[in-house]
Amino acid sequence: MALPLRLGASGMGGGAAMALCGLVSLGGTPEKGQPGYRLFMIVVHVGLLLVALFAVVFGIQFARSLGKNPRQTKLFAVLEAGTLVALIALVKAKPKKKKTKDQD
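Residues numbered from 1 in each chain as written. Predicted model: local features only at pLDDT ≥ 70, side-chain atom pairs only at ≥ 80, totals over all residues. Heavy atoms only, no water.

1. Brief notes about the confidence of the model for the protein chain
- In the predicted model, the protein chain carries a mean pLDDT of 80, and the fraction of residues at 70 or more is 86%.
- Averaged pLDDT values for the elements of the protein chain fall to 72 in helix H1 (residues 5–25) and rise to 89 in helix H3 (residues 70–92). (pLDDT = per-residue confidence, 0-100. Helix = DSSP H or I, 4+ residues; strand = E, 2+ residues; numbered from the N terminus.)

2. Quick notes on helix H2 (residues 37–65)
- A rise of 1.5 Å per residue sets the reference length of H2, with its 29 residues, at 42 Å; its end C-alpha atoms lie 42 Å apart and thus fit the reference within 8%.
- Once H2 finishes, glycine 67 follows within two positions and takes phi at roughly 80°, a positive value. (Expected span 1.5 Å × (residues − 1).)

3. As for the environment of cysteine 21
- With respect to the helices, strands and loops of the structure, cysteine 21 is situated in helix H1.
- Separated by 29 residues in the primary sequence, cysteine 21 and leucine 50 have C-alpha atoms spaced 9.6 Å apart.
- In this structure cysteine 21 touches Val43, Val46 and Gly47, once residues within four positions along its chain are discounted. (Contact = heavy atoms within 4.5 Å.)

4. Side note on the packing of aromatic side chains
- What the rule picks out here adds up to one aromatic pair.
- Aromatic pair phenylalanine 54 and phenylalanine 58: ring centres 5.7 Å apart, planes at 75°, arrangement edge-to-face. Note that phenylalanine 54 and phenylalanine 58 are positioned in helix H2 at a spacing of four residues, about one turn of the helix. Side by side, phenylalanine 54 and phenylalanine 58 carry an identical accessibility label, which is buried. (Phe/Tyr/Trp six-rings, centres within 6.5 Å; stacked < 30°, edge-to-face > 60°. Buried < 20%, exposed > 50% of the residue type's maximum accessible area, 1.4 Å probe, protein only.)

Here is the structure:
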């Protein structure tokens, strides 16, 4: 069963946006106050929001496919699980704040 063009195109567009956010973050994390820091933070947080949005969408699609098409149900279950694992990994990879001498 082929997906309508608009659903496939929006999924590919969202995936491309997440890939672009990931590529931008590969350049290293600028320190606060350096040029590009604000843009970097915006891109990283937009990427996190996109992953969370995909998790919600896959969860809705999984719920809608229950009892209708076992292949679709399995597909959306795998997509949902993978997206949730990725989201948890991204949140755990969040950089920790550096301790200063005042905090010791």
